[in-house]
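Results of the structural survey
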Amino acid sequence: MYVSPEERDRNLRNERYERRMSGRRGVRGARGQRGRGRGHPSQGRRGNLRWEVGHPLNEIWTTDADVPSELVSLARDVMRRRKESIQDAERNAERQIAVSESESDEEYLDALAGEDGLPRLESQNLHFEWSTMETFQGKEENFRQERTGSVLSHSSAYDAFRSFWGDDILDQIVTETNRYATKIVSTAFQSDWSPTNRHEILCLFSFWMMLGIIRMPTITSCFSGDPLMRTEVFKRIFTRRRYETLIKALNFTVSDPSIDDSNPSNTGVASLDRLHHLRPIITHLNSKFQSNYILDKDICIDQSLTLWKGKLNIKQYIRSNAAKFGIKTFELCESTTGYLWSFIVYTGKQSGMDVEQLPGVLKSSAIVKKLIGPLLNKGYRLFMDNWCNSPLLTRYLKLNGTDCVGTLRSSRADVPVVINKAPLKKGEYIARHSGDVSILSWQDKKRVTMISTCHDSSTALPTVSSRPKSRPIPFKPQMVLDYNKFMGGIDLKDQMLEPYLLERKRGIKWYMKLFKRLLNISILNARILLQSSTQKQQHHLAFRLQLVDSILTKHLAFCPKGRVLLTARTIPGRYTESTHWPALHERTPSSAARNRNHIKRCVVCYSEGRTTQRSAYRCESCDVPLCIINCFKVYHTRLT
């Protein structure tokens, strides 16, 4: 009977222990010979030579005749049960019964129903019959885009940035901010507030960009007059009072969250849009990111996390990320540049505002379909991890002219039993295919299962320039090499954003931190647009400094001034031509040594009999020592 991998590993450890103990009990041989009970070090548990790094990989069970009969019968039982469940689901669908008897049918029978004019997965496509790789004839899709890169030509960082932040979205932010400011119940705020405009909003963006470049401990320290902390660029853009007032009033929509009753996952309960604070911004940026750039052939879908440790019902925990807690987004990026083309903010299982999920559809499948939808039938090659991949989703993408490569969970439905149960040793792999979908399982340090629509079971050597020449290069399956090369688009984007984070400072509004994250991504996308237009590499720091300088040059002069300054300028009689002003006495050497101001006897006090009264001040024109309180006014107004 078939032995499970866990039991096999346990037996292997016992056999190694017995050989080690028997070798210790054996008689030691002559010099250069081994003791009794020890075999050759290159022999494995079956007496065969062990695989070593640098040697070609070994493929096992290349034909169906090599598969043990017990495993064949197990696979046949699984396929029979799977076929029966599909037939039952089809009969239930014809009768319009919503309940499905098979858990695997609940994944895709409704999800891949051929919406939006796309091909429908018929019953023959839902059924997988796995064969050896000798008959695999999968081909890579032809890329149908005539050109890639920026749609429009941009000559400066400012032009590329304004392609995402046009006057329409800025005017909307200004309108909602001014409207929200009128509703703030605070006498102090209303006395300081003056309506904002699009020029000030752009200057606010530049202020945040400089905060990402110059790391200040607090916002208050940006306006500090301390010589050790003074930074002129922040005080040039805003005063502290104006910045705090504008941040308090900044808003993107004041409408109530919309109620979504069409989402079937709500089970009849109205669902509030948890992203209603940022809904206009998310919709606008998704549209602009897609319309301003044409992706290259290799793209990837993965998840990213924006750090947030406060209380939030959509906060997620991902152990593998640097920011363990935060707001999760699913993103589609270009693999080579990290350009963010489309994104979805994850708001929990009950949200249906971004992903239109049908009954019985996996959330991962609905997300992939939403992100890749506009790119189907164009010959793209999509890379995903095992959270998204499954055989049915891979076949759906292939039928819609899109190749799919990625890791795969062996527990997914329709994964062949031979792949799951094969007893692989290190350096061995097994592969099977069903039409245009191939699955490969490879034993490295851990077991790796891959799925692809354009790869066979071929192996190759990786090209790593930093590897020492003395270190052997291991063989790897070709689909693993391509996955490692093109799956890092989202990680590349996060890596380029890390030195210039705009959302580093803490705040009480979670949506403001997410907005700063999206603003930072738009800056990175603008840099990629400029590089594509000029065909020149743009230094990241120089690009940001050039963008800040252009914004301040064009818009800082048109920012509204504070109400306090406007009122002070209109006071009648504020300006006078008098030259009599109080000033300190010049220090003498003795007073300077004691770090004290030099004092003299006040003329008015002495004339009134107060002979001991002294003052550190004098009239700048008359050069007469006078007290600031009363005496200065008396001396210059009393007739004598």
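Residues numbered from 1 in each chain as written. Predicted model: local features only at pLDDT ≥ 70, side-chain atom pairs only at ≥ 80, totals over all residues. Heavy atoms only, no water.

1. Focus on the pairing of strand S13 (residues 437-443)
Of all seven residues in S13, seven are buried; the element is thus mostly enclosed. Alternating positions in S13 separate into two faces, Val437, Ile439, Ser441 and Gln443 on one and Ser438, Leu440 and Trp442 on the other, with burial throughout. With six bridges connecting them, S13 and strand S14 (residues 447-452) associate as antiparallel partners. Within S14, the position partnered with serine 441 by the bridge is threonine 449. In this structure, the hairpin formed by S13 and S14 is closed by a connection of three residues. (Buried < 20%, exposed > 50% of the residue type's maximum accessible area, 1.4 Å probe, protein only. Helix = DSSP H or I, 4+ residues; strand = E, 2+ residues; numbered from the N terminus. Pairing = 2+ DSSP bridges.)

2. Some remarks on a nonpolar patch on the surface
A cluster of nonpolar side chains, Leu584, Tyr617, Ile628 and Ile629, forms an exposed patch at the surface whose accessible area comes to about 380 Å². For leucine 584, the position within the fold is in strand S17 (residues 582-584). The partly exposed category is assigned to leucine 584, whose relative accessible area is 38%. (Patch = residues over 30% accessible without salt bridge, like charges linked within 9 Å, V, L, I, M, F, W, Y side chains within 5 Å. Areas by Shrake-Rupley, 256 points an atom, 1.4 Å probe, with all protein chains shown as cover. Salt bridge = Lys/Arg side-chain N within 4 Å of Asp/Glu carboxyl O.)

3. Things to note about the pairing of strand S6 (residues 298-307)
Within S6, eight of the ten residues are buried, which leaves it mostly tucked inside the rest of the structure. Two elements, S6 and strand S10 (residues 381-384), share three bridges in a ladder whose sense is parallel. Considered in S10, the bridge of aspartate 298 is made with arginine 381.

4. Remarks on unusual backbone geometry
With glycine set apart, most residues show a phi of negative sign, and most peptide bonds adopt trans. Positive phi, close to 75°, is recorded for aspartate 414, a residue that is not glycine. By the secondary structure assignment, aspartate 414 is in the loop between strand S11 (403-407) and helix H14 (417-421). Of note in this structure, asparagine 595 is not a glycine but carries a positive phi near 55°. With respect to the helices and strands, the residue asparagine 595 is situated in the loop between helix H20 (589-593) and strand S18 (600-601). Judged by relative accessible area, asparagine 595 falls into the exposed class, the value being 57%.

5. A look at the nonpolar core
Counting 117 residues, the largest nonpolar core has Phe161, Trp165, Phe205, Phe207, Trp208 and Ile281 as the members making the most contacts within it. In terms of residue count, the dominant contributor to this core is helix H17 (residues 510-534) (14 residues). Contacts of tryptophan 208, omitting those with residues within four sequence positions, involve Tyr243, Ile247, Leu250, Leu502, Phe515, Lys516 and Leu519. Residues Ile60, Trp61, Leu408 and Ile419 belong to the second largest nonpolar core, which totals 19 residues. (Core = buried A, V, L, I, M, F, W, Y, C linked by side-chain atoms within 4.5 Å. Contact = heavy atoms within 4.5 Å.)

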